[in-house]
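These are the residues of each chain, in order.
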Amino acid sequence: MTRQQLVDEIKQKKSYLCVGLDTDITKLPVHLQSRPDAVVAFNKAIIDATSAYCVSYKVNTAFYESQGLKGWEAMQETLAYIPDSHFKIADAKRGDIGNTSAQYAKTFFEVLPFDAITVAPYMGEDSIRPFLDYPNKWTIVLGLTSNAGSNDFQQLQLAEYNEAYSMVPHITQGTVDKRLYEHVLERVSSWGTPENLMFVVGATRASDLENIRRIIPEHFILVPGVGAQGGSLEDVSRYGLNDDAGLLVNASRAVIFAGGGEDFAEKAAIAASDYQKEMAAYLK
């Protein structure tokens with residue numbers, strides 16, 4: 001999916017909602033749990049109920065891979081059921097030496113026809129390049145996450161900023177106080193373009209989005225953490241929206257597990273609709 005196709009879908013639906021299919025088999029409604037196809041049946045019902053209100057689905061691969069072959073098949077069947085009009089994200093957080101990343105890219109862009117995959121930048125450009133080389137596919141790089149452990153590395157101050165990176169035009173040179181995640185955003189943004197590169201920024205770090213938008217004003221940002229994790233959609237929208245919207249706000253548990261009974265799909269539709277209505281107001 002191209003950037004323009006994604007932007008058009010956002011404008012048409014007045015929504016930048018991404019529904020996270022973090023389908024925990026232990027949390028499925030009781031009436032589904034005895035079914036051999038419980039995960040797929042649940043996901044299909046959620047997709048049917050929410051597709052009118054969202055522009056994207058994010059499949060957290062861990063919930064499927066942990067179930068072995070059966071889980072992998074459920075992921076394939078779920079992906080095939082998502083409408084082509086929706087942006088399909090593999091939340092896999094891959095990233096390894098170049099030849100290994102090339103195999104990951106083939107897995108999630110060819111064997112499984114996702115539009116995008118989340119990757120970790122710790123191993124540098126050659127670990128990300130194989131993903132970026134796919135046309136009309138997106139690489140979503142971890143930028144600033146909302147978990148407590150992000151303070152271990154992402155928020156570290158870099159006392160001296162190496163002028164060797166001066167080949168990147170918008171990077172500040174010289175000796176400055178800069179946080180590691182800011183350096184990651186600046187450096188990685190030079191490897192791709194706003195047409196094929198996004199970044200993950202946790203919703204509970206919404207106040208940092210204003211600064212992040214100065215670093216990456218045009219790139220799309222995938223924002224998890226709204227809803228069950230306590231992130232504020234209003235704050236994320238205030239600091240993160242740009243001229244093309246530039247946001248995909250993910251809600252997982254707050255939508256897919258909005259209800260736990262036989263009416264779970266109806267409850268999910270209500271939750272997704274509420275997000276869409278709020279987003280429509282911010283897009284005006």
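Quick note: structure is the one above.
Residues numbered from 1 in each chain as written. Predicted model: local features only at pLDDT ≥ 70, side-chain atom pairs only at ≥ 80, totals over all residues. Heavy atoms only, no water.

A.B. asks: When you look at helix H11 (residues 233-240) in this model, what are you seeing that I'm missing?
C.D. replies: Helical periodicity: at 3.6 residues per turn, an α-helix aligns residues three or four positions apart in one direction. Listing the buried residues of H11 in full gives Leu233, Val236, Ser237 and Gly240. Summarising the axial view, the buried residues of H11 lie within an arc of 95°, below the 170-degree limit, and thus occupy one face. Of the surrounding elements, those touching the buried residues of H11 are helix H10 (209-215), strand S9 (220-223), strand S10 (247-251) and helix H13 (264-283). (Buried < 20%, exposed > 50% of the residue type's maximum accessible area, 1.4 Å probe, protein only. Helix = DSSP H or I, 4+ residues; strand = E, 2+ residues; numbered from the N terminus. Arc of directions from axis to C-beta. Contact = heavy atoms within 4.5 Å.)

A.B. asks: Just checking my understanding: could you explain the nonpolar core for this structure?
C.D. replies: If you look at soluble globular proteins, the nonpolar side chains tend to sit buried side by side. Among the nonpolar cores identified, the biggest contains 86 residues, and Val19, Leu21, Phe87, Val236, Leu248, Val249 and Val255 are the most heavily contacted of them. Considering each element in turn, this core owes the most residues, eight residues, to H13. Apart from residues lying up to four places away in sequence, Phe87 is in contact with Met1, Leu6, Val55, Ser56, Tyr57, Asp115, Ala116, Trp138, Met198 and Leu248. (Core = buried A, V, L, I, M, F, W, Y, C linked by side-chain atoms within 4.5 Å.)

A.B. asks: Teacher, can you tell me more about the environment of Met75 here?
C.D. replies: Locating Met75 in the fold gives a position in helix H5 (residues 68-81). For Met75 and Val236, which are 161 residues apart along the polypeptide, the C-alpha to C-alpha distance reads 29 Å. Contacts of Met75, omitting those with residues within four sequence positions, involve Val59, Thr61, Tyr64 and Leu112.

A.B. asks: What is the right way to read the environment of His219 from this model?
C.D. replies: Topologically, His219 is positioned in the loop between H10 and S9. Exposure remark for His219: the relative accessible area of 6% places this residue in the buried category. Distance in space between the C-alpha atoms of His219 and Leu197 is 6.9 Å, their sequence separation being 22 residues. If near-sequence neighbours (up to four positions away) are discounted, His219 is found in contact with Arg3, Ser189, Thr193, Pro194, Leu197, Phe199, Arg213, Asn242 and Gly246.

A.B. asks: How do you make sense of the pairing of strand S8 (residues 197-201) when you look at a structure like this?
C.D. replies: In regular strands, side chains alternate between the two faces of the sheet. Counting buried residues along S8, five of its five residues qualify, which places the element largely inside the surrounding structure. Burial along S8 is two-sided: the residues Leu197, Phe199 and Val201 and Met198 and Val200 are all buried. As judged from the five bridges shared by strand S5 (residues 138-144) and S8, these two strands associate in the parallel manner. The residue bridging Leu142 from the neighbouring strand is Val200, located in S8. (Pairing = 2+ DSSP bridges.)

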